[in-house]
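Each chain is listed here by its residues.
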Amino acid sequence: MKSSKIITIGIKELAHQKVILAAWYNFLKENFDAKKVTAEEFTLYLQAHVMYDLDKDQVELMLSGTESLLEDFKKSIFG
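Residues numbered from 1 in each chain as written. Predicted model: local features only at pLDDT ≥ 70, side-chain atom pairs only at ≥ 80, totals over all residues. Heavy atoms only, no water.

## Points about the nonpolar core
Now for step 1: Formed by 15 residues in total, the largest nonpolar core has its most connected members in Ile9, Trp24, Leu28, Leu63, Leu69 and Phe73.
Now for step 2: Of all the secondary-structure elements, those providing two or more residues to this core are strand S1 (5-11), helix H1 (14-33), helix H2 (39-46), strand S3 (58-65) and helix H3 (67-78).
Now for step 3: Looking at which element gives the most residues to this core, the answer is H1, with 4 residues.
Now for step 4: Ignoring sequence-local partners within four residues, the contact set of leucine 69 consists of Trp24, Phe27, Leu28, Asn31, Val37 and Tyr45. (Core = buried A, V, L, I, M, F, W, Y, C linked by side-chain atoms within 4.5 Å. Buried < 20%, exposed > 50% of the residue type's maximum accessible area, 1.4 Å probe, protein only. Helix = DSSP H or I, 4+ residues; strand = E, 2+ residues; numbered from the N terminus. Contact = heavy atoms within 4.5 Å.)

See below:
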């Protein structure tokens, strides 16, 4: 398995968390279907950790994956 990295995405509105997690799932599924992600990686990367940052008063989603996978996801979400 390739080396994993982590990105964090700050979210002020909890409704946005659902959108980000749904986008992450669909992105991973597309990469799995295209055979860019193995079944093991799909299961591992699908696990998103959530923490609350008191200083910023926001939820932080922590997504893991390879550096190129995370860069592609950021481009697909943020343009």
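The structure having been displayed, the exposition proceeds.
## Focus on the pairing of strand S2 (residues 49-53)
Remember that side chains alternate between the two faces of the sheet whenever the strand is regular.
Now for step 1: The sheet contact formed by S2 and S3 spans 5 bridges and is antiparallel. Residue pairing in the sheet places tyrosine 52 in a bridge with valine 59 of S3.
Now for step 2: If you look at the hairpin formed by S2 and S3, you'll find 4 residues sitting between the two strands, and aspartate 57 has a positive phi there, around 50 degrees. (Pairing = 2+ DSSP bridges.)

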